[in-house]
4 protein chains.
Amino acid sequence: MAASNSAREIVLVDCPDDVGLIHRITGVLGAHRLNIESNHEFVDTDARYFFFRAEVMPAAGAAAPESGALAAELVRVLPKAARVRVTRAERRPIVVCATREPHCLGELLLLDAVGDLPGRIVAVVSNHDTLRGLVERFGLPFHHLPHHDPEGRDLPRAAHEEALAGVIDGYAAEYVVLARYMRVLSADFVGRYPDRIVNIHHSFLPAFAGASPYRQAFVRGVKVIGATAHVVTAELDDGPIIAQDVIHVDHTFTPERMAQAGRDVEKLVLAKAVRLVLEERVFLHGRRTVVFG
Amino acid sequence: MAASNSAREIVLVDCPDDVGLIHRITGVLGAHRLNIESNHEFVDTDARYFFFRAEVMPAAGAAAPESGALAAELVRVLPKAARVRVTRAERRPIVVCATREPHCLGELLLLDAVGDLPGRIVAVVSNHDTLRGLVERFGLPFHHLPHHDPEGRDLPRAAHEEALAGVIDGYAAEYVVLARYMRVLSADFVGRYPDRIVNIHHSFLPAFAGASPYRQAFVRGVKVIGATAHVVTAELDDGPIIAQDVIHVDHTFTPERMAQAGRDVEKLVLAKAVRLVLEERVFLHGRRTVVFG
Amino acid sequence: MAASNSAREIVLVDCPDDVGLIHRITGVLGAHRLNIESNHEFVDTDARYFFFRAEVMPAAGAAAPESGALAAELVRVLPKAARVRVTRAERRPIVVCATREPHCLGELLLLDAVGDLPGRIVAVVSNHDTLRGLVERFGLPFHHLPHHDPEGRDLPRAAHEEALAGVIDGYAAEYVVLARYMRVLSADFVGRYPDRIVNIHHSFLPAFAGASPYRQAFVRGVKVIGATAHVVTAELDDGPIIAQDVIHVDHTFTPERMAQAGRDVEKLVLAKAVRLVLEERVFLHGRRTVVFG
Amino acid sequence: MAASNSAREIVLVDCPDDVGLIHRITGVLGAHRLNIESNHEFVDTDARYFFFRAEVMPAAGAAAPESGALAAELVRVLPKAARVRVTRAERRPIVVCATREPHCLGELLLLDAVGDLPGRIVAVVSNHDTLRGLVERFGLPFHHLPHHDPEGRDLPRAAHEEALAGVIDGYAAEYVVLARYMRVLSADFVGRYPDRIVNIHHSFLPAFAGASPYRQAFVRGVKVIGATAHVVTAELDDGPIIAQDVIHVDHTFTPERMAQAGRDVEKLVLAKAVRLVLEERVFLHGRRTVVFG
């Protein structure tokens, strides 16, 4: 289907750096009389890698090219290793997974409800039933996928993940957001949604292992509480970082208020990362991201 | 003089947006076998204006083009209104003007001394003699240009500014940094160094007019103290903004500690702005800047 | 009614500074075998004014004193000008006023719903009907108080404010939060709820007057977007400041994204201020606040 | 020696919490007609520990008590485990230790030179000679204490630390600041200056072990670069935290610019911590600090 004249397309290219890449890309775009409304590009001079993102619109009177055909033309003029995507600028469907904590999920539901999320939540999945009320307030489907059977026996992880994938695929979700989802996902599952799962976790200086992190942060007297949003890879909590921030705390903070600061910074950082991802502003390259903010 | 093969050049272009600008620029660069080491570009879709900055190096074995010739070639392929600059990436000479407060001047002197300033301070000018000791510690020339004659009569502003321009021009300074320089500069003077003078001032929410701003900030109980670095235009304190930041304060801050917070944020923001300007990362467009960070 | 043994009380004192104030206060508290669980005090050495806040609990086995009696005892030992309040630590009822923008209201509704607000929203009032759906999602009463009659004629301000006061008083709300409520309140109305109304507004460096502030911020190329939460006094937008913060923006931000950054920082700063106020952590003194964070 | 009437004293107390501690302290202060100019106190309700800091001045006409006598009186009325210090508010002498990096040392030298450090640097020690020029610019003694003998053989650590202690003690320094001093100090050495040594190190989210941290931060694509200032204990880099902050970075930062951001945040955080320590605003309790900012 050819895009209508009013449609904005996002053109994404990354490949090993070479002479004249922008020249070649803009050549193709210009031949189709596509105006570049905004664009970013970046050369990682260390890795000699090139990243490009543009939002384009047909010039007045010009017909919009078919996305796939445009991508194919770009592939033709670019190095063999180039990854090219041409995709409609639109509110993409996401599934949010949560467990029992409402702060990150609630923030996303609210942004969606008030029109401040450049995507749309199509469903929420949880391994507990705790958050059903919150989700249903927003008129969205809530899927409770317990990780144990009615007799309380743990389900095999594969079965549980199969159910989860069933929901995601049933809604044709393009991204999966783990909003304090406290289940470790298998490499197999992650591999089904490569670069399509976003996670949030708290981050401390110095780092803490083990349980009760805010208790530890309190005992250690930290002065900042941080959060990191990242793309999920097979290494849990260690995928490419999309966004990070911190909130300042001091000795007057109880462990409970440190945890509240943690919730505040987690929801902010997750919301920022989800917005970036939904607008296709995040490129992955090895363990790094290039984020066109 | 042709740049040596080892020389990095900075290419700066801005002009009304048009189809294929990057294509044309990169075409010229490619014809000279110049590798783009880093580049930024931005289209202000509101004003339909295009901004481009690249750092380029001749490819292995390629001869470096002469800067002026390269600029002329670019002008040939670009819209008539295009401004083109091709300039060597090097530590540019700056003159710093101060009055009696040492914090901003000191920060620049220190960054220069330890190699963290992408430029070099060639002289310091002041309308008082207070800061001579600080400047001479760093082995730099200090020019005391009083704004009154030995009998204490105010010099005509034109005479004082003529002396100031004499110092700036004598050192062939490319930028002038007002590091808490408490004299208003005439439109005539500013016009001699268009887009070449950087200033810093404190900024408050809400804004205060009049004297003793930190006293006012204290009385008003503000919770943040800010600073703004900007390009100096004929409208003092109102030129295009390069950088801004704030520091959080609270009710325990006396007016003196608020002033200290103000000094801290002023020196940080000025240092940031000066670094950006020295690396030719700041474009001006009307009342706005485009800053390629 | 005597507080139950499990009840935490908040003791608030402010008065001209004098020798031994803490000594006197803690003497009274100690006589009642009240343990101080947390306390803050501050002397504004400029104004020679003293501020004190403590959370107290009866020691094991001790009976809780009646709040009014405790306050009266404190008054007896303190300077004549002292203001003393003894109040139960509990989730206080608030009414939120909004107009058409949902971001600030939504943040408060969400924090309340997930248990991260140390108070409880008892009703929402608006001069438009736009936000009814959002409020009713959270199961809360929504009062549409249009500022014009069914024929479209503007209601007299007094009549409109009378209706607003009717809602506030009907719910026995202790605080009123203006969450982007776009009506100017009369000095009369403000005087009915002295120090009990909190407002949020955006703040810019430099300040802008007039319409379309984000458009102006864009044209001016600001690098930070701020927000200020303050206590409402007869001078609109100029009451004592409770909290302020900023978000960094740059030239790539359209006016729309600047407005989004503005919404983000407004909701954060308002939520922070409302939490502080609900926990009785904010003292007013002239045009300043003392905030025991 | 009795303090002169004009002298401000700092009173510091910490002990297990108990009923009426402030009452007892202020009773002693009041008996001496000492006005409390500013004070802070804090009860760690978790550890049931009490912290108190006041700046006091004799009331008009009152004689200043002798510091030691005042401390002894306070000890008498306080629990047995109380630590009491009464100390003159003055610019305390510090020795700064550095290795080859000038940024943190330079910041302290500059703040001292311009009067923005509430202490005075009496000497700088380094295990290299690199920073001599910078230090001598500020007219301060520079002690080069190499960690190897003239033949290049490593000195025994004890001998090197003995020399370092000789300098510190020779100047009667009250605090030692490690401004990027790249030698691990022995527990013995640290024990000679308990709670008197301040250190700075960079901090990352996530944490990195091993060499080239900014290279690792670059490869990992972190979005914030942090720094932590802490009191040195036998566990290097893991003592109680005084101050922390971060600077935001992005994919356009080379490892070199990440290192520059790291230098900037290190010098800021160290300067903040040193100011707090010099004003006796930092209490240590177990692995935590209480910082009266």
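Residues numbered from 1 in each chain as written. Chains lettered and ligands numbered in written order. Predicted model: local features only at pLDDT ≥ 70, side-chain atom pairs only at ≥ 80, totals over all residues. Heavy atoms only, no water.

Asker: What exactly am I supposed to notice about the overall build of chain A here?
Answerer: Within chain A one finds eight helices and 13 strands. Relative to a compact globule of 293 residues, whose C-alpha radius of gyration would be 19 Å, chain A shows 21 Å and is just as compact. Counting only C-alpha atoms and orienting by the principal axes, one finds that chain A spans roughly 60 × 40 × 35 Å. Residues classed as buried in chain A amount to 59% of the 293 residues present. By element, 53% of the accessible surface of chain A is carried by carbon and sulfur atoms, the whole surface being about 11,000 Å². (Helix = DSSP H or I, 4+ residues; strand = E, 2+ residues; numbered from the N terminus. Rg over C-alpha atoms; globule rule 2.2 N^0.38 Å. Buried < 20%, exposed > 50% of the residue type's maximum accessible area, 1.4 Å probe, protein only. Areas by Shrake-Rupley, 256 points an atom, 1.4 Å probe, with all protein chains shown as cover.)

Asker: What is the right way to look at the relation of the copies chain C and chain B in this model?
Answerer: Rotating chain C by 180 degrees and translating it 0.0 Å along the rotation axis places it on chain B, where the RMSD comes to 0.0 Å. In symmetry terms, the pair is related by a two-fold rotation axis. Nearest to the rotation axis, the C-alpha of Ala207 of chain C is located 3.1 Å from it, this being the minimum over chain C. An overlap of 97% is found between the interface residues of chain C and their copies at the interface of chain B, pointing to a shared contact surface. (Least-squares fit on C-alpha atoms with pLDDT ≥ 70 in both. Contact = heavy atoms within 4.5 Å.)

Asker: So what exactly am I meant to see when it comes to the interface of chain C and chain B here?
Answerer: You'll often see interface size given as the accessible area lost when the parts meet. The interface is formed by 36 residues belonging to chain C together with 35 residues belonging to chain B. For the pair chain C and chain B, the summed buried area comes to about 3,100 Å², and 54% of that belongs to carbon and sulfur atoms. Per-residue buried area on chain C facing chain B is highest for Leu205, Arg220 and His251 of chain C; these three make up 25% of the total on that side. Applying the counting criterion to the chain C and chain B interface returns four salt bridges. Asp238 of chain C is paired through a salt bridge with Arg220 of chain B; the nearest N and O atoms lie 2.7 Å apart. Scanning the region where chain C abuts chain B turns up 20 residue pairs in polar contact (both at pLDDT 80 or more). (Buried area = accessible area lost by both parts, 1.4 Å probe. Salt bridge = Lys/Arg side-chain N within 4 Å of Asp/Glu carboxyl O. Polar contact = N/O pair within 3.5 Å; in protein donor to acceptor, adjacent residues only side chain to side chain.)

Asker: I'm lost on the interface of chain A and chain B in this one. Help?
Answerer: Tallying the contact residues gives 18 residues for chain A and 18 residues for chain B. Buried surface at the junction of chain A and chain B, summed over both partners, amounts to about 1,300 Å²; 45% is from carbon and sulfur atoms. A salt bridge links Arg48 of chain A to Glu37 of chain B; its shortest N-O distance comes to 4.0 Å. Between the two partners, chain A and chain B, sit one residue pair in polar contact (both at pLDDT 80 or more). For the side of chain A that touches chain B, the secondary structure elements donating two or more residues are helix H1 (21-31) and strand E2 (34-44) of chain A. When residues in the side of chain A that touches chain B are grouped by element, the largest group, eight residues, is from E2 of chain A. For the side of chain A that touches chain B, the residue count by class is four nonpolar, nine polar and five charged. (Nonpolar A, V, L, I, M, F, W, Y, C, P; charged D, E, K, R; others polar.)

Asker: Just to check I follow, could you spell out the sheet that holds strand E7 (residues 142-144) of chain B for this structure?
Answerer: As a general point, the strands of a sheet are linked pairwise by backbone hydrogen bonds and lie either parallel or antiparallel. Residue and element names in this part refer to chain B. The sheet built from seven strands is open, its strands ordered E7-E6-E5-E8-E9-E10-E11 with mixed pairing. The open sheet has two edge strands, E7 and strand E11 (241-248), and neither has a second partner. Strand-to-strand twist across the sheet, computed as the mean angle between neighbouring axes with direction ignored, equals 25 degrees. Pairing analysis gives three bridges linking strand E8 (residues 175-178) to strand E9 (residues 197-204), with the strands arranged parallel. (Pairing = 2+ DSSP bridges. Axes fitted to C-alpha atoms, helices over the stretch in contact; angles between N-to-C directions.)

Asker: It is not clear to me how the pattern of salt bridges should be interpreted in this structure. Could you clarify?
Answerer: Pairing is possible between side chains of opposite charge, provided their charged atoms come close. For the coordinates displayed, the defined rule picks out 112 salt bridges over all chains. Where Asp149 of chain A meets Arg153 of chain A, a salt bridge forms, and the shortest distance between an N and an O atom there is 3.0 Å. Residue Arg153 of chain A is classed as exposed on the basis of its relative accessible area of 53%. Between Lys267 of chain C and Glu107 of chain C there is a salt bridge whose closest N-O contact spans 3.8 Å. Of this pair, Lys267 of chain C sits in helix H8 (residues 255-278) while Glu107 of chain C sits in helix H3 (residues 103-113); the two residues are 160 residues apart in sequence, bridging distant segments of the chain. For Lys267 of chain C, a relative accessible area of 4% translates into the label buried. On the basis of relative accessible area, Glu107 of chain C is assigned to the buried category, the value being 2%.

Asker: Can you walk me through helix H1 (residues 21-31) of chain C in this structure?
Answerer: In an α-helix, one full turn covers 3.6 residues, which means residues spaced three or four apart are oriented alike. Residue and element names in this part refer to chain C. Regarding H1, the residues found buried are Leu21, Ile22, Ile25, Thr26, Val28 and Leu29. Buried residues in H1, looked at end-on, bunch into an arc of 155 degrees, giving them a common side. One or two steps after H1, the chain reaches Arg33, where phi turns positive at roughly 50 degrees. (Arc of directions from axis to C-beta.)

Asker: Sorry if this is basic, but what is going on with the packing of helix H8 (residues 255-278) of chain A against H8 of chain C here?
Answerer: Helix-helix packing is described using two parameters, namely the angle between the two axes and the distance between the axes. At a closest axis distance of 13 Å, the pairing of H8 of chain A and H8 of chain C adopts a crossing angle of 170 degrees. In terms of orientation, H8 of chain A lies roughly antiparallel with respect to H8 of chain C. On the side of H8 of chain A, the interface is formed by Gln260, Asp264, Leu268 and Arg275 of chain A, while H8 of chain C contributes Gln260, Asp264, Leu268 and Arg275 of chain C. Looking at the contact of H8 of chain A with H8 of chain C residue by residue, the class counts come to two nonpolar, two polar and four charged. (Parallel < 35°, antiparallel > 145°, perpendicular 65-115°, else oblique.)

Asker: Is there a simple way to think about the relation of the copies chain A and chain B in this case?
Answerer: Turning one copy of the chain about an axis and sliding it along that axis gives the other copy, so a rotation and a shift relate them. At an RMSD of 0.0 Å, chain A and chain B line up after a rotation of 180 degrees and a shift of 0.1 Å along the axis. Same-surface contact between copies: 100% of interface residues of chain A are shared with the interface of chain B.

Asker: I keep staring at unusual backbone geometry and nothing clicks. Help me out?
Answerer: Peptide bonds are trans in most cases, and residues, glycine excluded, mostly fall at negative phi. Residue and element names in this part refer to chain C. Residue Arg33 is not a glycine yet carries a positive backbone phi of 50 degrees. If you trace the backbone, Arg33 turns up in the loop between H1 and strand E2 (34-44). Overall, the relative accessible area of 47% leaves Arg33 in the partly exposed class. The backbone of Asp195 sits at a positive phi, close to 60 degrees, despite the residue not being glycine. With respect to the secondary-structure elements, Asp195 resides in the loop between helix H6 (187-192) and strand E9 (197-204). Residue classification places Asp195 among the partly exposed positions, given a relative accessible area of 40%.

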